[in-house]
Amino acid sequence: MSGAAHDRGADRAVLGQDRGFAAFGRDRGFAAFGDGRGFIVVVVLWMLAALAALALIYLTYVTNTAVTVAVNTDRLQADALMNAGLELAAYRLTAQDEATRPTSGTFNARVGAGRVAVTFRSEAARIDLNMAPKAILAGLMTTLGVSAMDAPVYADRIMAWRSSTEAGQDNPEDSYYRTLGAPYLPRHAPFPHSDELWLVRGIPPAVVERVLPFVTVFSNMRTVNLVDAAPQVVAALPGMTPETLQQVLRDRADPNVNPQSLVGLAGSASATIEGSKAYRLTVAVEAPSHRQSSAEIVILLLESGDEPYRVLSWHNAFDGSAGKPL
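Note that the structure is predicted; figures quoted are calculated from it, not measured.

Peer 1: Lay out the overall build of the protein chain in plain terms, naming residues and giving numbers.
Peer 2: Summing up its helical and strand segments, the protein chain has 10 helices and nine strands in all. Among the 326 residues that make up the protein chain, the fraction classed as buried is 36%. A separation of at least 24 residues holds for 62% of the contacts in the protein chain among residues at least 6 apart in sequence.

Peer 1: Tell me about helix 6 (residues 172–180), and please be specific about residues and values.
Peer 2: Glu173, Asp174 and Tyr177 are the residues of helix 6 that are buried. Around the axis of helix 6, the buried residues are gathered within 105° of arc, so they sit on the same side. Facing away from the buried side of helix 6 by over 90 degrees, the exposed positions are Pro172 and Thr179. On its buried side, helix 6 packs onto helix 5 (150–162). Just beyond helix 6, the residue with positive phi is Gly181, at close to 80°.

Peer 1: Any details on the pairing of strand 1 (residues 104–111)? Residues and values, ideally.
Peer 2: Where strand 1 lies against strand 2 (residues 114–122), eight bridges are found, and the strand directions are antiparallel. When the sheet's bridge partners are listed, Asn108 is paired in strand 2 with Ala117. The hairpin formed by strand 1 and strand 2 contains two residues between the paired strands, and Gly112 there has a positive phi angle of roughly 65°.

Peer 1: For the nonpolar core, give the residues involved together with the corresponding values.
Peer 2: Membership of the largest hydrophobic core comes to 46 residues, with the highest contact counts inside it found for Ile127 and Leu197. At the level of elements, helix 4 (134–143), helix 5, helix 7 (205–211), helix 8 (231–235), helix 9 (242–252) and helix 10 (260–266) are the ones that each hand at least two residues to this core. Filtering out sequence-adjacent residues up to four positions away, Leu197 remains in contact with Ile158, Phe191, Ile203, Val208, Val211 and Leu212. Ranked by size, the runner-up nonpolar core spans 21 residues in total, among them Met82, Ala90, Leu93 and Tyr279.

Peer 1: Lay out helix 9 in plain terms, naming residues and giving numbers.
Peer 2: Along helix 9, the positions that sit buried rather than exposed are Thr244, Leu245, Val248, Leu249 and Asp251. Each buried residue of helix 9 sits inside an arc of 165° when the element is viewed along its axis, so together they form one side. Set apart from the buried face of helix 9 by more than 90 degrees, the exposed residues are Pro242 and Glu243.

Peer 1: Please provide a residue-by-residue account of the pairing of strand 2, values included.
Peer 2: Note that strand 2 and strand 7 (residues 278–286) share eight bridges and pair antiparallel. Its bridge partner being in strand 7, Val116 is matched across the sheet by Val285.

Peer 1: Give a description of the pattern of salt bridges that names residues and reports values.
Peer 2: If you walk through the whole model with that rule in mind, you get eight salt bridges. The salt bridge partner of Arg115 is Glu286, with a shortest N-O separation of 3.5 Å. Taken as a pair, Arg115 in strand 2 and Glu286 in strand 7 lie far apart in primary sequence, 171 residues in all. A relative accessible area of 6% means that Glu286 is categorised as buried.

Peer 1: I'd like a description of the side chain of Ser313, backed by residues and values.
Peer 2: Here Ser313 shows up in strand 9 (residues 309–320). Look at Ser313 and you get buried, because its relative accessible area is 16%. Apart from residues lying up to four places away in sequence, Ser313 is in contact with His193, Phe218, Glu296, Ile297 and Val298.

Peer 1: Outline the environment of Arg157, listing residues and values.
Peer 2: Structurally, Arg157 is set in helix 5. Residue class for Arg157 comes out buried when judged on its relative accessible area of 15%. For Arg157 and Pro186, which are 29 residues apart along the polypeptide, the C-alpha to C-alpha distance reads 9.4 Å. Arg157 has contacts with Glu173, Tyr176, Val200, Arg201, Gly202 and Ile203, leaving out every residue within four places of it along the chain.

Peer 1: Lay out the packing of aromatic side chains in plain terms, naming residues and giving numbers.
Peer 2: In the structure shown here, the tally under the stated rule is six aromatic pairs. A ring pair is formed by Tyr176 and Tyr177, whose centres lie 5.8 Å apart and whose planes are at 80°; its orientation type is edge-to-face. For Tyr176, a relative accessible area of 27% puts it in the partly exposed group. Pairwise contacts between aromatic rings join Trp161, Tyr176, Tyr177, Tyr184 and Phe191 into one cluster. In this structure, Arg92 is placed above the aromatic ring of Phe107, and the distance from its NZ or CZ to the ring centre is 4.1 Å. The ring centre of Tyr176 lies 4.3 Å from the NZ or CZ of Arg157, which sits over that ring.

Rules used throughout
Residues numbered from 1 in each chain as written. Predicted model: local features only at pLDDT ≥ 70, side-chain atom pairs only at ≥ 80, totals over all residues. Heavy atoms only, no water. Helix = DSSP H or I, 4+ residues; strand = E, 2+ residues; numbered from the N terminus. Buried < 20%, exposed > 50% of the residue type's maximum accessible area, 1.4 Å probe, protein only. Contact = heavy atoms within 4.5 Å. Arc of directions from axis to C-beta. Pairing = 2+ DSSP bridges. Core = buried A, V, L, I, M, F, W, Y, C linked by side-chain atoms within 4.5 Å. Salt bridge = Lys/Arg side-chain N within 4 Å of Asp/Glu carboxyl O. Phe/Tyr/Trp six-rings, centres within 6.5 Å; stacked < 30°, edge-to-face > 60°. Lys NZ or Arg CZ within 6 Å of the ring centre and 35° of its normal.

Rendered as structure tokens:
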């Protein structure tokens, strides 16, 4: 065999091997990658996955936005209903002159698709921390379980806190606070809010907690309204006995009894049936979505000026998405 013939035979052998390999590749599925179609399929799948992820993110955003909008709408509706209840109560009170104005009451109203329930009571039903004499303050604490020995001491602490003092004068109460290491001294001025009672040193926190529901700083009265006051407050009046207390509670519940007779029955200069210009409102609302909210608001009725009342205190008591219907 010549050299040229040998080379042609080798080339045919190599060509045969290449064709066999190509056939093997087709059988094994490699040809799809070889012509680029497989790469396109992978890219398309990745694009579809990315689009699905974007769609999921957008859906989550839309859902969260819808929930946020719904919550904000419910809150705005509840706030509007709360203000409506406040305005209705103020209108009912200011529509009557002071002589015939009720010292307490309750009413319900439907405002649009929402509902409002309001209870109002004169602050004269509470003991004023800035005006009450020592005997009433001590009597309240005794009624709430404080010993007869400690109650007058705690009452003195309250009166010392609110009592004025001369500038530069060495006040014994100031020395008492310094001895205890308190970072502040007594205010020596009226309590701006009943919660400031927590700052008065020498009164156990448990006693302060029991006292707060029965005191105020807004009535500006030394007397207590016998018609509206809680039994604990009535019991705090000087000279009040258990028998007299029960008689007062029975008589004030009888619509046929003249309320003025309660003052004579109590026999105390600290008793009255008059109300204060400050009223405490409990406003409970239910929005159309059944979201419920309530607040305790103290207002002062104004006899003159552009505004019929002024808000003295506002405390949101409860805010829920659903609950027992009003």
